[in-house]
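As a plain string of letters, each chain reads:
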Amino acid sequence: RKMCISSEGIIATASDDKEVRLWDCRMPWHEAMGTQLAVCRGHKGPITCCHLTREGKGLLSAAEDKQMIVWDVIHGAIMRIMVGHTKPVMECFMLEDEPEPGKEHIIERRSMITGDIRYIV
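Note that residues are indexed from 1 along each chain, following the sequence as it is written. Residue-level local features of this predicted model are given only where pLDDT is at least 70; pairs of side-chain atoms are given and counted only at 80 or more, and the full residue set underlies all totals for whole chains, interfaces and linings. Calculation of side-chain values draws on the structure's entire complement of heavy atoms; hydrogens and water are dropped beforehand.

Residues belong to a common nonpolar core when they are buried Ala, Val, Leu, Ile, Met, Phe, Trp, Tyr or Cys residues joined through side-chain atoms within 4.5 Å. To sort residues, take the accessible area from a 1.4 Å probe on protein chains only and compare it with the maximum for the residue type: under 20% means buried, over 50% means exposed, and anything in between is partly exposed. If you look at the biggest cluster of nonpolar residues, it comprises 16 residues, and the most contacted ones within it are Ala-12, Val-20, Leu-22, Cys-40, Cys-50, Leu-52 and Leu-59. Residue contacts are counted whenever heavy atoms from the two residues lie within 4.5 Å of one another. Not counting residues within four places of it along the chain, the set of residues in contact with Leu-52 comprises Cys-4, Ile-5, Ser-6, Ile-10, Ile-11, Ala-12, Leu-22, Gly-58, Leu-59, Val-73 and Met-94. Judged by nonpolar contacts, the second largest core, of nine residues, contains Val-70, Met-82, Val-89 and Met-94.

So this is what it looks like as structure tokens:
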């Protein structure tokens, strides 16, 4: 369904099989290129979206199970499950930089550490 790539060449693919798979596609070519690095399992429904940080160390996924999950990319382990939606979550995105002051950029913003919702007014 979805895929994303970090600037470091890590690719994440998400599917109806409820898994995110991480692949090594760093350049220049090397023996490990195309190797599967990890399989992230934890969603209970088809995954609709995934987003890697620029360096490929953080991953956020969203799914029809009404959850978003923050993953430890190195180990494919769940760091945090964000719940609260009453319908499937169709898109997700991580801001790595703070938005410009005085401009409304986001409807809902959550802490990656606590999962708490923060609103930007």
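If DSSP finds at least two bridges between two strands, the strands pair. To qualify as a helix, a DSSP run of H or I must reach at least 4 residues; to qualify as a strand, a run of E must reach at least 2; elements of each kind are numbered from the N terminus. Read from one edge of the open sheet, four strands run β5-β6-β7-β8, paired in antiparallel fashion. In this open sheet, the two strands that pair with only one neighbour each are β5 (47-52) and β8 (77-82). Mean inter-strand twist for the sheet, computed between neighbouring axes without regard to direction, equals 20 degrees. Judged from the five bridges that link them, strand β6 (residues 58-63) and strand β7 (residues 68-72) form a sheet pairing that is antiparallel. For helices, the fitted axis covers only the stretch in contact; all axes are lines through C-alpha atoms, and the angles between them, taken along N-to-C directions, range from 0 to 180 degrees.

Before going further, it helps to spend a moment on the sheet that holds strand β1 (residues 2-5). Spatial ordering of the open sheet is given by β1-β2-β3-β4, a layout of four strands whose pairing is antiparallel. Of all strands in the sheet, those with a lone pairing partner are β1 and β4 (36-41), marking the two edges. Direction aside, neighbouring strands of the sheet carry axes that sit 15 degrees apart on average. As paired strands, strand β2 (residues 10-14) and strand β3 (residues 19-24) are joined by five bridges and run antiparallel to one another. Within β3, the residue paired with Thr-13 across the bridge is Arg-21.

Within β7, five of the five residues are buried, which leaves the element mostly enclosed by the surrounding structure. Residues Met-68, Val-70 and Asp-72 line one face of β7 and the alternating positions Ile-69 and Trp-71 line the opposite face, and both faces are buried. Where β6 hands over to β7, the hairpin turn is made up of four residues, of which Lys-66 adopts a positive phi near 75 degrees. What sits between the antiparallel neighbours β7 and β8 is a turn of four residues, in which Gly-76 has the positive phi angle 70 degrees.

Let us look at the pairing of β6. The element β6 is extensively covered by neighbouring structure, given that six of its six residues are classed as buried. Burial along β6 is two-sided: the residues Gly-58, Leu-60 and Ala-62 and Leu-59, Ser-61 and Ala-63 are all buried. Sheet analysis places β5 next to β6, joined by five bridges and oriented antiparallel. Within β6, the residue paired with Cys-49 across the bridge is Ala-62. Adjacent in sequence and paired antiparallel, β5 and β6 are bridged by five residues, among which Gly-56 carries a positive phi angle near 80 degrees.

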